[in-house]
Each structure stands twice: as structure tokens, then as C-alpha cells.
Amino acid sequence: MLLLAFSFCAACTGSGEPAGPTPRETAVITATPAATTTAVSLTPGPTQTMPPGKEVEFQLTGGYPSRVTNDLYIAFSGGKGQDFVTSIDVRVTKSTGEVVTETMQPIRGDELIIHNAKGENRIEITVALVTGGSYKIKDQIVEVP
């Protein structure tokens, strides 16, 4: 009986004010969209030459492996400098203006397939080396039929 009485007393204690925040405590949060307009361009820019003995190659093919899904195929082919590469950043600007960014592994045969890339696509490939340098080695247009 005593426990039952304590239960009722504990449930009845309070300050008598309604639960929840008072109007003074209510915070108003207004979201303002940030200006994140990045210029999208299909015009290739300048590229950099890798240091001698550290050259790498890529295979860029439009319409492969499937013309039905308008695929764009990008593969790391290796090269003299493949053991010096730490990361490969790929940026594809589709003809629609959509930008796709991916990272590839510096392993010969690593590949990316970008779907729905019909038309002219700008491909930018930047390679980072263990020596600390970063080189934009590809910036070109690849047509996907």
C-alpha cells in the first residue's frame, strides 16, 4: 500500500505549468540557402605533364560497355609511374551539366563506368604522387553516341 501511495504522489508532483517550451523558449530557425554555384564548363583547360619516369595512362571510351545505357568507360592502364601514384580523382561533366566526381584506385585495371552520358562529356583526371605533387593530366572531351 505504501508503494502505491508513493507512486501516486510522485506522479502528482510538478509545478503546475504546462509541459513543453514556453513561448520565450521557442527558437525560430530560418534556413537560408547558401550560394553554391560552381561554374560548369564543357571547355577543356590546360593539363600538366608528369615528371619523367612517372607517366601513367588511362583508357577513355564512349559507348562502352553498353551503347544502350550510353556508358562512358574510364580505366587506369598503368604506366611507368603507377607505383608512385597515391590517388586518382576523376571529374566528369556530362553534356547535361551534371557533374560526377569519383576516386579510382591506383591499381592497373581499375575502372569507372558512368551511365547516361550521351553526348559530349568533359573528363578531368588528377593524379597525386607519393612525392607530394598533384597533376591534372587529362582534360578532354569524350563523345558518347
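The paragraphs below set out a description of the structure included in this document. (Residues numbered from 1 in each chain as written. Predicted model: local features only at pLDDT ≥ 70, side-chain atom pairs only at ≥ 80, totals over all residues. Heavy atoms only, no water.)

**As for the overall build of the chain**
From N to C terminus, the chain includes one helix and seven strands. The N-to-C order of helical and strand elements in the chain reads α-β-β-β-β-β-β-β. By the burial criterion, 28% of the 145 residues in the chain qualify as buried. Pairs at least 24 apart in sequence give 61% of the contacts found in the chain among residues at least 6 apart. As displayed, the chain offers around 9700 Å² of accessible surface, 56% of which is attributable to carbon and sulfur atoms. (Helix = DSSP H or I, 4+ residues; strand = E, 2+ residues; numbered from the N terminus. Buried < 20%, exposed > 50% of the residue type's maximum accessible area, 1.4 Å probe, protein only. Contact = heavy atoms within 4.5 Å. Areas by Shrake-Rupley, 256 points an atom, 1.4 Å probe, with all protein chains shown as cover.)

**Here's the deal with the sheet that holds strand S1 (residues 57–62)**
What the three strands build is an open sheet, ordered S1-S2-S5; its pairing is antiparallel. Each edge of the open sheet carries a strand with a single partner, namely S1 and strand S5 (111–114). For this sheet, the mean angle separating the axes of adjacent strands, direction not counted, is 15 degrees. Of the pairings in the sheet, the one linking strand S2 (residues 72–78) to S5 comprises four bridges and is antiparallel in character. Within S5, the residue paired with Leu72 across the bridge is Ile114. (Pairing = 2+ DSSP bridges. Axes fitted to C-alpha atoms, helices over the stretch in contact; angles between N-to-C directions.)

**Some details on the packing of aromatic side chains**
The description of two aromatic rings rests on the distance between their centres and on the angle between their planes. All told, the structure shown has two aromatic pairs when counted by the stated rule. An angle of 55 degrees between the planes, with centres 5.3 Å apart, marks the rings of Phe58 and Phe76 as tilted. A residue pair is termed long-range when its members are at least 10 positions apart, and Phe58 in strand S1 and Phe76 in strand S2 qualify at 18 residues. Judged by its relative accessible area of 8%, Phe58 is buried. (Phe/Tyr/Trp six-rings, centres within 6.5 Å; stacked < 30°, edge-to-face > 60°.)

**With respect to the sheet that holds strand S3 (residues 85–93)**
Reading across from one edge, S4-S3-S6-S7 is the order of the four strands in this open sheet, with antiparallel pairing throughout. Edge positions in the sheet fall to strand S4 (99–104) and strand S7 (134–144), since each of these pairs with one other strand and no more. Along the sheet, successive strands turn relative to each other by an average axial angle of 20 degrees, direction set aside. Two elements, strand S6 (residues 119–129) and S7, share ten bridges in a ladder whose sense is antiparallel. Of the residues in S7, the one forming a bridge with Asn121 is Val142.

**Observations concerning the pairing of S4**
Pairing of S3 with S4 involves six bridges; the strand directions are antiparallel. Each bridged residue has a counterpart across the sheet, and for Asp89 the counterpart in S4 is Thr103. Counted between consecutive antiparallel strands, the loop separating S3 from S4 contains five residues, among which Gly97 sits at a positive phi close to 100 degrees.

**A closer look at the environment of Lys54**
On the secondary structure map, Lys54 appears in the loop between helix H1 (2–12) and S1. Exposure remark for Lys54: the relative accessible area of 18% places this residue in the buried category. For the pair Lys54 and Lys80, spaced 26 residues apart in sequence, the C-alpha to C-alpha distance is 5.5 Å. Sequence-distant contacts of Lys54, defined by excluding residues within four places in its chain, comprise Gly81, Phe84, Leu129 and Thr131.

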